[in-house]
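Each chain, written out:
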Amino acid sequence: MVDLIVLAILLALGYGFGRHFEKQHYKSIIRREAELRHITAIASRIPPAPQLADDPILVTGSVVISVDYFKRFLAALRSLVGGKVVSYESLLDRARREAILRMKEKARRLGANQIFNIKLETASISKNARGNIGSVEVLAYGTALKPLQQQER
Amino acid sequence: MIVSNMEIIPGKHIKEHLGLVQGSTVRTKHVGRDILASFKNLFGGELRGYTELLHESREEAVNRMKRQAQAIGANAVLNVRFSTSSVTHGAAELFAYGTAVKIE
């Protein structure tokens, strides 16, 4: 009985705080994405047109993000029947967008406005004893370029 | 030392390829951070301690790679890739590798 009460409290806490944090995070992601839209992140390996540019600089952005207790519980239930695990989808979406934003913020600090050859990498950092994924790390990296004509202006 | 994950540098000519250089580090965080992280695991959200830890270790890996490149006389490392693997619970290996080259 006590176990059930504890579980219910943990689920309620996870649900409440988890939802709150996720909403806030999405708000900040959307705001910053609009702010940083002028920095173009391009996944192609080589700049489309040869251009005079400053030395390229490697920029990285990473974030470790964790899912809340309620969602982890849902995911565990979901794994009984199989199918789409929505609770983890939003976790990874947030992590990727956050990592890209941090990379762009670094590029902005360097004065670059283009990032090429973007690679994304995901790693699950901590697994608990039952093998459930607790948190994921997403790393975004690319090469920031500063066009020369931009600097002269 | 130029570090880039592109295969070329726009406007620059590669004089010599010097082969693969790599740098890696295995890190773990202290217990306090671990306990905080497990609380955060309940509510969800970013685990700042881990983010910092991995960021610092990745920088260390890149620095080691740069040192190796310098030792063999390169002035740039191109096509850099990162890789992360969790070795045991709470410890992660951060690995960076790339091609050391000499550019004009």
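Whatever comes next refers back to the structure up there.
This is a predicted model, so every value here is computed, not measured. (Residues numbered from 1 in each chain as written. Chains lettered and ligands numbered in written order. Predicted model: local features only at pLDDT ≥ 70, side-chain atom pairs only at ≥ 80, totals over all residues. Heavy atoms only, no water.)

A. Region of interest: the sheet that holds strand β1 (residues 2–3) of chain B. Residues and elements named next belong to chain B. Strand order in this open sheet of four strands is β1-β4-β5-β2, and the pairing throughout is mixed. Since the sheet does not close on itself, it has two edges, and those belong to β1 and β2 (14–28), each with one partner. Where β2 lies against strand β5 (residues 91–103), 13 bridges are found, and the strand directions are antiparallel. Bridging from a neighbouring strand, V21 pairs with G98 of β5. Helix α2 (residues 48–71) contacts β1, β2, β4 (76–88) and β5 of the sheet and is inclined by roughly 145° relative to β2. (Pairing = 2+ DSSP bridges. Helix = DSSP H or I, 4+ residues; strand = E, 2+ residues; numbered from the N terminus. Contact = heavy atoms within 4.5 Å. Axes fitted to C-alpha atoms, helices over the stretch in contact; angles between N-to-C directions.)

B. Structural view of the packing of aromatic side chains. Summed over the entire model, instances satisfying the criterion amount to four aromatic pairs over all chains. On the basis of an interplanar angle of 70° and a centroid distance of 4.7 Å, the ring pair of Y15(A) and F70(A) is categorised as edge-to-face. Note that Y15(A) is positioned in helix α1 (residues 2–35) and F70(A) in helix α2 (residues 69–81), a separation of 55 residues in sequence. For F70(A), a relative accessible area of 23% corresponds to the partly exposed category. Geometrically, the ring pair formed by Y141(A) and F82(B) is edge-to-face, given 4.8 Å between the ring centres and 85° between the ring planes. On the criterion of chain membership, the pair formed by Y141(A) in strand β4 (residues 133–145) and F82(B) in strand β4 is interchain, its members lying in two chains. F82(B) gets classed as buried once you look at its relative accessible area, which sits at 5%. Of note, R58(B) hangs over the ring of F82(B), and the distance from its end group to the ring centre comes to 5.8 Å. (Phe/Tyr/Trp six-rings, centres within 6.5 Å; stacked < 30°, edge-to-face > 60°. Buried < 20%, exposed > 50% of the residue type's maximum accessible area, 1.4 Å probe, protein only. Lys NZ or Arg CZ within 6 Å of the ring centre and 35° of its normal.)

C. Highlighting a nonpolar patch on the surface. All names here are of chain A. Together, M1, L4, I5, I9, L13 and F17 line one region of the surface with nonpolar side chains, adding up to about 610 Å² of accessible area. Its place among the elements puts I9 in helix α1. Here I9 falls in the partly exposed class, since its relative accessible area comes to 47%. (Patch = residues over 30% accessible without salt bridge, like charges linked within 9 Å, V, L, I, M, F, W, Y side chains within 5 Å. Areas by Shrake-Rupley, 256 points an atom, 1.4 Å probe, with all protein chains shown as cover. Salt bridge = Lys/Arg side-chain N within 4 Å of Asp/Glu carboxyl O.)

D. Inspection of the nonpolar core at higher detail. With 22 residues, the main nonpolar core has L91(A), M103(A), A107(A) and I115(A) as its most contacted residues. Those elements giving two or more residues to this core turn out to be β2 (57–66), α3 (86–110), β3 (114–127) and β4 of chain A. The element that contributes the greatest number of residues to this core is α3(A), accounting for seven residues. Excluding residues within four positions of it along the chain, L91(A) makes contact with I65(A), S66(A), V67(A) and V136(A). By size, the runner-up hydrophobic cluster in this structure holds 15 residues, among which are A61(B), M65(B), A69(B) and V80(B). (Core = buried A, V, L, I, M, F, W, Y, C linked by side-chain atoms within 4.5 Å.)

E. Seen up close, α1(A). A rise of 1.5 Å per residue sets the reference length of α1(A), with its 34 residues, at 50 Å; its end C-alpha atoms lie 49 Å apart and thus fit the reference within 8%. The set of residues buried in α1(A) consists of L11(A), G14(A), G18(A), E22(A), H25(A), S28(A), I29(A), R32(A) and E33(A). (Expected span 1.5 Å × (residues − 1).)

F. Here's a closer look at the pattern of salt bridges. With the rule as written, the count across this model stands at 14 salt bridges over all chains. One salt bridge in this structure joins E60(B) and R64(B), with 3.0 Å as the shortest N-O distance. Separated by four residues within a single helix, E60(B) and R64(B) lie in helix α2, roughly one turn from each other. A relative accessible area of 37% means that R64(B) is categorised as partly exposed. What you see here is one network of salt bridges that share partners, running through R32(A), E98(A), R102(A), E105(A), E46(B) and R48(B).

G. Up close: α2(B). All names here are of chain B. With 24 residues, α2 extends 35 Å between its outermost C-alpha atoms, agreeing within 8% with the 34 Å of an ideal straight helix rising 1.5 Å per residue. Restricting attention to buried positions, one finds in α2 the residues Y50, T51, L53, L54, S57, R58, A61, V62, M65 and A69. Positive phi appears at G73, one or two residues downstream of α2, with a value of about 85°.

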